[in-house]
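# Breakdown of the fold
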Amino acid sequence: MTLPEPSPATQPLLGATEIRRLAEEIGVRPTKTLGQNFVIDGNTIRRIVAAANLDPAETVLEVGPGLGSLTLGLLDAAARVVAVEIDPVLAAKLPSTVAAFRPELAGNLDVVLSDAMRVRELPCEPTALVANLPYNVAVPVVLNLLEHFPSLKHGLVMVQDEVADRMVAGPGSKTYGVPSVKGAWYSKMRKAGVIGMNVFWPAPKISSGLVAFTRHEPPVTRASREEVFAVIDAAFAQRRKTLRAALAGWAGGAAAAESYLRQAGVDPSARGEVIDVAAYARIAEAKIGFTA
Ligand code: SAM
């Protein structure tokens, strides 16, 4: 009788002992600058992987594999993993960790030594982004990847909980800001859970949040993404001001700003925190129409 393949839930994942041993082997002392908080709890990894809703045929992009905690869980659930790591010592160690813990899956991993804020080329076309992101650069990393890798159709990222709330916020909410509007240009984002501090080594001082996203088409507009993002940046640079005042610099005067806002069907006395990404696109388009 052939025994059934072990389910991913029964495969060993990295716990506190393994993580500390691996770190010691390569002399890694986690740094705050690179947001190095490693997951030491297999159940958290299983939860992240389950929330990512991966198809077994998918290629997953993982940013910041670190010592490999999440990488092992992703290899169990997907066909391929491409892992982008900025720290050369961690990047060099990862293949041997995978070879030790998942020898049969070691060929399914590509490691790319690179800064995920700047990476433009990968050895394959990932369809999902799943990552425990370095907290200080989480939003720019997600936006960079969504911009440069259109093959990414969905994903699940772990970020600081308050950043998660900002990423998923809708117009009118206190936490609605640049990450919410720019994120909404590319995708529908939703909160997929909160993770406590004790599942990391070293433990951060605040909780983490899971954000799931599904890519959608950006709003239909003649304005480019850069032009729309310039309006968003200007509106939130002075978020307490009315849009008429906040956009004066961008428009070339308050009267011009008022005119573009009216053409876009937006109340000039409204604030940037109450309008959605489609309205930002209409404002950018109004300026183009005027100058064309
Ligand atoms: N995935 C591992 C885990 O869950 O245990 C580690 C996550 S740790 C929060 C973030 C990882 O991202 C670290 O390995 C760090 O070296 C890496 N990192 C930091 N900045 C990066 C960047 N700009 N590009 C790629 N990796 C980065």
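Note that the structure is a prediction, hence the values are computed from the model and not measured.

Around the ligand sit 22 residues in total, of which V39, G64, E85, D115 and N132 are the nearest. Within the side chain of E85, a nitrogen or oxygen atom sits 2.6 Å from an oxygen atom of the ligand. The fraction of the free accessible surface of the ligand (600 Å²) that becomes covered by protein chains is 98%. Judged by the fraction of its atoms near the pocket grid, the ligand is located in the largest pocket. Of all the secondary-structure elements, those providing two or more residues to the shell around the ligand are β1 (38-39) and β3 (80-85). Counted by class, the shell around the ligand contains 10 nonpolar, 8 polar and 4 charged residues.

Attention shifts here to the packing of aromatic side chains. One pass over the structure, following the stated rule, counts 6 aromatic pairs. Ring geometry for W185 versus F229: centroids 5.9 Å apart, planes at 75°, classification edge-to-face. Remark: F229 occurs in helix α8 (residues 225-237) and W185 occurs in helix α7 (residues 178-186); sequence separation between them is 44 residues. With a relative accessible area of 6%, W185 lands in the buried category. Taken together, the ring pairs in this structure connect Y176, F236 and Y280 into an aromatic cluster. Against the face of F229 rests R225, its NZ or CZ located 5.0 Å from the ring centre.

Reading the values: the criteria
- As a convention, each chain's residues are numbered from 1 in the sequence order in which they are written.
- Given that the model is predicted, a residue must reach a pLDDT of at least 70 before its local features are reported, and side-chain atom pairs must reach 80 or more before they are shown or counted; all residues, however, enter totals for whole chains, interfaces and linings.
- Side-chain measures here rest on the full set of heavy atoms in the structure, leaving out hydrogens and waters.
- Any residue with at least one heavy atom within 4 Å of a molecule or strand is counted as near it.
- Polar contact criterion, stated in full: a pair of N or O atoms within 3.5 Å, where within protein one must be able to donate a hydrogen and the other to accept it, and residues adjacent in sequence count only if both atoms are side-chain atoms.
- Shrake-Rupley sampling with a 1.4 Å probe provides the accessible areas, and residues are treated as covered by the protein chains on show and by no other component.
- The rule is simple: put a 1 Å grid over the protein atoms alone, call a set of points where a 1.4 Å probe fits but cannot get out a cavity, call an open set with protein on both sides within 12 Å along at least five of seven lines a pocket, and count a residue as lining if it has an atom within 4 Å of a point.
- In this description, a molecule resides in a pocket or cavity if more than half of its atoms sit within 2 Å of the grid points defining it.
- Labels follow the DSSP assignment, with helices taken as runs of H or I lasting at least four residues and strands as runs of E lasting at least two, numbered in each case from the N terminus.
- Three residue categories are used. Nonpolar comprises Ala, Val, Leu, Ile, Met, Phe, Trp, Tyr, Cys and Pro, charged comprises Asp, Glu, Lys and Arg, and polar comprises the others, including Gly.
- Only rings of Phe, Tyr and Trp enter the pairing, Trp through its six-membered ring, and a pair is recorded when the two centres are within 6.5 Å. The plane angle decides the type: under 30 degrees is stacked, over 60 is edge-to-face, the rest tilted.
- Type-normalised accessible area, obtained with a 1.4 Å probe on protein chains alone, sets the label of each residue: buried when under 20%, exposed when over 50%, and partly exposed for intermediate values.
- Consider the ring centre and the ring normal. A charge sits over the ring if Lys NZ or Arg CZ is within 6 Å of that centre and within 35 degrees of that normal.

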